[in-house]
Amino acid sequence: MQATHRLDTVFAALADPTRRAILTRLASGEASVTELAEPFAMSQPAISKHLKVLERAGLVSRGRDAQRRPRRLEPKRLREATRWLERYRRLWEGNYRRLDALLHELKTKPQAPGDHR
Amino acid sequence: MKNAAALKLTTPGERELVTTRSFDAPRQLVFDAHTKPELVRRWLLGPPGWSMPVCEIDLRVGGKYRYVWQHDRDGTKMGMGGVYREVVAPERIVNTEKFDEAWYPGEALGTLVLVERDGQTTLTYTMRYESRAARDAVIKSNMESGLAASYDRLAELLASTPVGRRS
């Protein structure tokens, strides 16, 4: 249940386009809040607010440098979330392949006695 | 397997996730495969190693359904269920959906639509979530976080799977 809740926080964090852009930026290396704010038409406090959401979800952490306090990507948590999505697709592809086989069987099998359709 | 049969995920509305897939069978058979428990439990199984010991379907408006899957080796169970809101055989079913241990908040609403053309049936399954954030994340992070590799693997998998394999 706890793992499920955590995934929820991650998905909620990923649902915002600015936060996804921040993650994309951090994927190419750590950056300070000032550096992160540059490409966006946003104030530093607004960016900080987004960063807080990402930090709470475990997607972003703070680096060691006490002055710049660079943020960096935590790929492990992101992988957990994308793994779920991958599972979702795989699960349904697997289900539908089985359904293909079943339908093929139903099409070729003569109707059982008593099946009035 | 033909590419035409590949599963497609789209998002026409802000809280919706739509799965489309075509099947080489008349609509009545696809409908039966979704509504007769003895058929449903043969394909709606998820990853390998799971079976469906509980599959109860009361197919009428206001009727309930209940699915429970169980892992063959470790006995782990996963259940879900809901209520039918619309039943129009053999073309349309609307039902609520809630997992026992839901990863998204609230209930989702599922709409199954079957359209037949030249003996082929196109299935469209629309999930409508109570939480927009959950739905958004499902699709957008999928597209934007570099899952190309997994799509490629999926394509390989599809290409290598013989059609008409029987369980």
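Keep in mind it's a predicted model, so treat the numbers as computed, not measured.

From N to C terminus, chain A includes five helices and two strands. When the elements of chain A are put in sequence order from the N terminus, they spell out α-α-α-α-β-β-α. Burial statistics for chain A: of 117 residues in total, 28% are counted as buried. Of the contacts formed within chain A by residues at least 6 apart in sequence, a portion of 53% connects residues at least 24 apart.

Moving on, we come to the pairing of strand β7 (residues 108-117) of chain B. Residues and elements named next belong to chain B. Bridge count for strand β6 (residues 92-99) against β7 is six bridges, and the pairing is antiparallel. Bridged to glutamate 97 within β7 is alanine 108. With nine bridges connecting them, β7 and strand β8 (residues 120-128) associate as antiparallel partners. For leucine 109, the partnering residue across the bridge sits in β8 and is arginine 128. The antiparallel hairpin formed by β7 and β8 contains two residues in its connecting segment, where aspartate 118 sits at a positive phi of about 50°.

Turning our eyes to something else, we now look at the nonpolar core. Val10, Ala13, Ile22, Leu54, Leu59 and Val60 of chain A are the most contacted members of the largest nonpolar core, which has 19 residues in total. When contributions to this core are tallied by element, the ones reaching two or more residues are α1 (2-14), α2 (17-26), α3 (33-37) and α4 (44-56) of chain A. A per-element tally of this core places α1 of chain A first, with five residues. The contacts of alanine 13 of chain A, once residues within four sequence positions are left out, are Arg19, Val53, Leu54, Ala57 and Leu59 of chain A. Within the second largest apolar cluster, 15 residues are counted, among which are Leu29, Val30, Phe31 and Ala33 of chain B.

Let's shift gears to the packing of α2 of chain A against α4 of chain A. Residues and elements named next belong to chain A. Orientation of α2 relative to α4, taken along the N-to-C sense of each, is 75°, at an axis distance of 10 Å. When the axes of α2 and α4 are compared, the pair comes out roughly perpendicular. Side by side, α2 and α4 meet where Thr18, Arg19 and Ile22 of the first sit next to His50, Leu51, Val53 and Leu54 of the second. Of the residues in the contact of α2 with α4, the class split is four nonpolar, two polar and one charged.

Turning our attention to the confidence of the model for chain A. Mean pLDDT over chain A works out to 80, with 79% of the residues at or above the 70 mark. Across residues 1-5 of chain A, where pLDDT falls below 50, the model places three contacts with residues more than four positions away in sequence or in other chains.

Residues and elements named next belong to chain A. Within the fold, arginine 25 resides in helix α2. Spatially, the C-alpha atoms of arginine 25 and glutamate 35 are 9.9 Å apart, while their sequence positions differ by ten residues. Not counting chain neighbours up to four residues away, the residues in contact with arginine 25 comprise Ala31 and Leu36.

Residue and element names in this part refer to chain A. Here leucine 59 is to be found in the loop between α4 and β1 (60-62). We classify leucine 59 as buried; it has 26 C-beta atoms within 10 Å. Distance in space between the C-alpha atoms of leucine 59 and valine 10 is 7.4 Å, their sequence separation being 49 residues. Not counting chain neighbours up to four residues away, the residues in contact with leucine 59 comprise Val10, Ala13, Leu23, Leu54, Glu74, Arg77 and Leu78.

Criteria and thresholds
- Residues numbered from 1 in each chain as written.
- Chains lettered and ligands numbered in written order.
- Predicted model: local features only at pLDDT ≥ 70, side-chain atom pairs only at ≥ 80, totals over all residues.
- Helix = DSSP H or I, 4+ residues; strand = E, 2+ residues; numbered from the N terminus.
- Buried ≥ 20, exposed ≤ 12 C-beta atoms within 10 Å, placed from the backbone.
- Contact = placed C-beta atoms within 7 Å.
- Pairing = 2+ DSSP bridges.
- Core = buried A, V, L, I, M, F, W, Y, C linked by C-beta atoms within 7 Å.
- Axes fitted to C-alpha atoms, helices over the stretch in contact; angles between N-to-C directions.
- Parallel < 35°, antiparallel > 145°, perpendicular 65-115°, else oblique.
- Nonpolar A, V, L, I, M, F, W, Y, C, P; charged D, E, K, R; others polar.
- pLDDT = per-residue confidence, 0-100.

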